[in-house]
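Here is what each chain is made of, one letter per residue.
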Amino acid sequence: MRTIRVETSAATVLLTEAPEPKVRDRQTGEIAKDAVSGEALMTIGVVYIEDGESSLIKVTVPEGGVSEGLNLGAPVSLPGLIARPWESVFNGQQRHGIAYRAAAVTPAAFPASMGASA
């Protein structure tokens, strides 16, 4: 399936939900693993702000890519962020959306234009 690179250099990304294990099967509690490396996957919630518009998104990150020092409401960096369109049929209904994945989530700084003014 096609993936789309997401350019984040002009955006502000704020952490809204702390990293937690991505559950593959809710009935068994099985944690999702990366298909290539076998590493456990985590999900985070962020608000993505660019050009005066914002979106709340969930991003999947490998467990080893989750940095120390992440604080809710603080800016983060998402190196290697990609978007992947998906669709499926669930209980007879067509569903679709966009899945986001990054190589890591690390603390970042607020852009100078968003900083507090004196």
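Residues numbered from 1 in each chain as written. Predicted model: local features only at pLDDT ≥ 70, side-chain atom pairs only at ≥ 80, totals over all residues. Heavy atoms only, no water.

Trainee: In this structure, what is going on with the overall build of the chain? I would like to understand it.
Mentor: Each helix and strand in the chain was counted, giving zero helices and ten strands. For the chain, the N- to C-terminal ordering of α and β elements is β-β-β-β-β-β-β-β-β-β. Taking the principal axes of its C-alpha atoms as reference, the chain extends roughly 55 × 30 × 25 Å. Counting every position in the chain, which comprises 118 residues, the buried fraction comes to 28%. Looking at the chain alone, contacts between residues at least 24 apart form 60% of all its contacts between residues at least 6 apart. As displayed, the chain offers around 8,100 Å² of accessible surface, 50% of which is attributable to carbon and sulfur atoms. Averaged over its 10 positive side-chain charges, the chain has a centre that lies 7 Å from the centre of its 13 negative ones. (Helix = DSSP H or I, 4+ residues; strand = E, 2+ residues; numbered from the N terminus. Buried < 20%, exposed > 50% of the residue type's maximum accessible area, 1.4 Å probe, protein only. Contact = heavy atoms within 4.5 Å. Areas by Shrake-Rupley, 256 points an atom, 1.4 Å probe, with all protein chains shown as cover. Lys, Arg positive; Asp, Glu negative; His and termini not counted. Charge placed at Lys NZ, Arg CZ, Asp CG, Glu CD.)

Trainee: Is there a simple way to think about the sheet that holds strand β2 (residues 12-21) in this case?
Mentor: The strands making up a sheet associate through backbone hydrogen bonding, with each pair oriented either parallel or antiparallel. Spatial ordering of the open sheet is given by β1-β8-β9-β6-β5-β2, a layout of six strands whose pairing is mixed. Of all the strands in the sheet, just β1 (4-5) and β2 have a single pairing partner and so form its edges. As defined by bridge partners, strand β5 (residues 41-50) adjoins strand β6 (residues 53-62) across ten bridges and the pair is classed as antiparallel. Within the sheet, the bridge partner assigned to Met42 lies in β6 and is Val61. (Pairing = 2+ DSSP bridges.)

Trainee: Sorry, what's going on with the confidence of the model for the chain here?
Mentor: Parts of the prediction with low pLDDT should not have their coordinates interpreted in detail. In the predicted model, the chain carries a mean pLDDT of 91, and the fraction of residues at 70 or more is 93%. Per-residue pLDDT, averaged within each element of the chain, yields its smallest value for strand β3 (residues 23-25) (90) and its largest for β5 (97). (pLDDT = per-residue confidence, 0-100.)

Trainee: I would appreciate a short explanation of the environment of Gly97 in the present structure.
Mentor: Among the secondary structure elements, Gly97 is positioned in strand β9 (residues 93-101). Look at Gly97 and you get partly exposed, because its relative accessible area is 23%. Considered as a pair, Gly97 and Pro85 are twelve residues apart in the sequence and their alpha carbons are 5.9 Å apart.

Trainee: I'm lost on unusual backbone geometry in this one. Help?
Mentor: Trans is the common state for peptide bonds, and a negative phi is the common state for residues other than glycine. Even without a glycine there, the phi angle at Asp51 is positive, about 55°. Tracing the backbone shows Asp51 in the loop between β5 and β6. Using a relative accessible area of 74% as the deciding quantity, one classes Asp51 as exposed. The residue Asn91 is not glycine, and still its phi comes out positive at about 50°. Residue position: Asn91 is located in the loop between β8 (82-90) and β9.

Trainee: Which parts of the structure should I look at to understand the nonpolar core?
Mentor: Across soluble globular proteins, you tend to see nonpolar side chains buried next to one another. By size, the foremost hydrophobic cluster in this structure holds 17 residues, and its most contacted members are Ile44, Val46, Val59, Val76, Leu78 and Val105. Elements with a minimum of two residues in this core: β2, β5 and β6. For Val76, the residues in contact, after removing those within four places along its chain, are Val13, Leu15, Val46, Leu70, Val105, Thr106, Pro107 and Ala108. (Core = buried A, V, L, I, M, F, W, Y, C linked by side-chain atoms within 4.5 Å.)

Trainee: How do you make sense of the pairing of β8 when you look at a structure like this?
Mentor: Each regular strand displays side chains that alternate between the two surfaces of the sheet. The sheet contact formed by β1 and β8 spans two bridges and is antiparallel. Paired with Ile4 across the two strands is Ala83, which belongs to β8. Pairing between β8 and β9: nine bridges, direction antiparallel. Within β9, the position partnered with Ser88 by the bridge is Arg95. Between the antiparallel neighbours β8 and β9 lie two residues, among them Asn91 with a positive phi of about 50°.

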